[in-house]
Amino acid sequence: MKPKQVFEIALGVITSVGGFLEVGSIATAAQAGAMFGFKLLWPIALGTLCLIFLIEMSGRLAAVSHHPLPAAVRERFGFNYFVMPLLAETVIDLFVLASEIGGVCLGLQLLTGVQFFYWAVPVAFFIWLFLWRGTFGIIEYGVSILGLTTVVFIVAAAKTHPELHNVAAGLLPTLPTDHKAQYWFLAVSIIGATISPYLVNFYSSGAVEDKWSEKDLVPNRITAGLGMSFGGTISIAVLIAAAMVFHPRGISIDAYEQVAMEVTAPLGIWGYRIFGIALVIACFGAALELSLDIAYVYAQGFGWRWSEDLRPAEASRFALVYTVFIAVACLPVAFGADPLKLTLFSMAATALILPLIVLPFLIIMNDTRYLRNHTNSPLTNIVVCFVILLAAVMAIVAIPLEIFGGH
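Quick caveat, the model's predicted, so the values are computed rather than measured. (Residues numbered from 1 in each chain as written. Predicted model: local features only at pLDDT ≥ 70, side-chain atom pairs only at ≥ 80, totals over all residues. Heavy atoms only, no water.)

K.L.:
Looking at this structure, how should I read the packing of aromatic side chains?
P.N.:
One pair of aromatic rings is described through two measures. These are the centre distance and the angle between the planes. In the structure shown here, the tally under the stated rule is 22 aromatic pairs. Ring plane angle 65 degrees and centroid distance 5.3 Å describe the contact between F79 and F302, whose orientation is recorded as edge-to-face. With a gap of 223 residues between them, F79 in helix α5 (residues 79–112) and F302 in helix α15 (residues 269–302) connect regions that are remote in the sequence. By relative accessible area, which is 29% here, F79 ends up partly exposed. A relative accessible area of 38% places F302 in the partly exposed class. On the basis of an interplanar angle of 40 degrees and a centroid distance of 5.5 Å, the ring pair of Y296 and F318 is categorised as tilted. (Phe/Tyr/Trp six-rings, centres within 6.5 Å; stacked < 30°, edge-to-face > 60°. Helix = DSSP H or I, 4+ residues; strand = E, 2+ residues; numbered from the N terminus. Buried < 20%, exposed > 50% of the residue type's maximum accessible area, 1.4 Å probe, protein only.)

In structure tokens, the structure reads:
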């Protein structure tokens, strides 16, 4: 392997780690740890395993066929089918983006004491300005590398000294004895937070932006495996810290401000400040990727010119989509919607729509017209199908239970 490829792999892994954790992962893992201890580590592990396969697949699709995922779905299945995942993803991404904007605002509230809803419009404007003036490289590498501040959760988890055999036991699925509705709802939300469709679309579009070819298949495989694994480790650390700080005291998490205590307890006031900074950076990076993702999906689906490296005047419809999207998504936060509830339901709803997006993806990845001799292995098809269908079934059961107060 050439030194340049090794450098690209290292940079790709670092940015994958920095870009993995966002408001959904933090909220779901922290609530799960506070309420159920280590018992919900298994959805993080399962979701991360599936995400490794999906990210590798999206990079392989781009490298071999030079198609980003939305464009391939539009071409392979036609516009009439494409409209269905487009509408579903529009609604879900809108709520998830609102959650990410809320996460940035809450991080700023922790750092300044100014109520989160006052930050909604300025944060949305800054996200838009960053996209309007920035390039893909700045978003891909700059913000994601700053997102490495989220390793503070690994330090905090290690400082709480969890017993490893209890952690290992949480990686095996168990049936709940009480609070069954909350258990399954959180399990679904964790998987939805981990397997976010925007990550797959963004990764494949980025690979096309970077002009990947078949020589990038090995770096892609290593980047997907190591980057997503390390990112999943940070999510696991969030849950462990919450399990050690909150669960023994019987404290449930009802607001994001409480999550800061799982870092503050083991690390002191500097942990609190670093948590606020990490929340701002992680959610800001995710908001950028989400805004670009929906612009990619629309532009690629409708055949418009697209690229973050083009000036807005050169890809005006592409820029218009993310402009409108950001403006609408900031409204729930500006009007004081509960960011934690918004996040949890967004993540659970994400799991519900996964088959609509992922199953066509699997069909394309087994089509030799796109992948030639690089189609999926049977193992990849089995793992992805199993996790996606399991998540959808769990969502169908868990969401009504949570809404109607089942136990």
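Picking up where we left off.
K.L.:
I tried to follow the side chain of N220 on my own but got confused; where do I start?
P.N.:
Within the fold, N220 resides in helix α12 (residues 217–245). The class for N220 is buried, based on a relative accessible area of 0%. The contact partners of N220, leaving out residues within four places of it in the chain, are I55, E56, G59, R60, Y203 and W212. (Contact = heavy atoms within 4.5 Å.)

K.L.:
Looking at this model, I keep getting lost on a nonpolar patch on the surface. Mind explaining?
P.N.:
A cluster of nonpolar side chains, namely L320, V324, V328, L331 and F335, defines an oily patch on the protein surface of about 500 Å² accessible area. Its place among the elements puts F335 in the loop between α16 (316–334) and α17 (339–365). (Patch = residues over 30% accessible without salt bridge, like charges linked within 9 Å, V, L, I, M, F, W, Y side chains within 5 Å. Areas by Shrake-Rupley, 256 points an atom, 1.4 Å probe, with all protein chains shown as cover. Salt bridge = Lys/Arg side-chain N within 4 Å of Asp/Glu carboxyl O.)

K.L.:
Would you mind going over the packing of α5 against α15 with me for this structure?
P.N.:
The relative placement of two packed helices comes down to the angle between their axes together with the axis-to-axis distance. Here α5 crosses α15 at 160 degrees, and the two axes come no closer than 8 Å. It follows from the interaxial angle that α5 and α15 lie roughly antiparallel. As α5 packs across α15, the resulting crossing turns out to be left-handed. In terms of residue class, the contact of α5 with α15 is built from 24 nonpolar, six polar and five charged. (Axes fitted to C-alpha atoms, helices over the stretch in contact; angles between N-to-C directions. Parallel < 35°, antiparallel > 145°, perpendicular 65-115°, else oblique. Left-handed = near helix turned anticlockwise from the far one by under 90°. Nonpolar A, V, L, I, M, F, W, Y, C, P; charged D, E, K, R; others polar.)

K.L.:
Teacher, can you tell me more about the environment of I101 here?
P.N.:
Turning to its location among the elements, I101 is positioned in helix α5. The class for I101 is buried, based on a relative accessible area of 0%. Not counting residues within four places of it along the chain, the set of residues in contact with I101 comprises A120, V123, I127, I326, A329, C330 and V333.

K.L.:
What am I meant to see in the nonpolar core here?
P.N.:
Across soluble globular proteins, you tend to see nonpolar side chains buried next to one another. Counting residues in hydrophobic clusters, the biggest one holds 143 residues, and the most contacted among them are L40 and F153. At 16 residues, the largest contribution of residues to this core is made by α15. Sequence-distant contacts of L40, that is, excluding residues within four places in its chain, are made with A32, Y183, L186, A187, I190 and L239. (Core = buried A, V, L, I, M, F, W, Y, C linked by side-chain atoms within 4.5 Å.)

K.L.:
Before we go on, may I ask you to explain α16 in this structure?
P.N.:
Residues three or four positions apart in an α-helix share a direction because the helix packs 3.6 residues into each turn. Given a rise of 1.5 Å per residue, 19 residues ought to cover 27 Å, and the 27 Å separating the end C-alpha atoms of α16 matches this to within 8%. Buried within α16 we find F318, A319, V321, Y322, F325, I326, A329, C330 and V333. Looking straight down α16, one finds that the buried residues subtend no more than 150 degrees of arc, so they occupy a single side. Residues of α16 that are buried make contact with α5, α6 (120–133) and α15. (Expected span 1.5 Å × (residues − 1). Arc of directions from axis to C-beta.)

It is worth stressing that arrangement in space is one thing and function is another; only the former is reported here.
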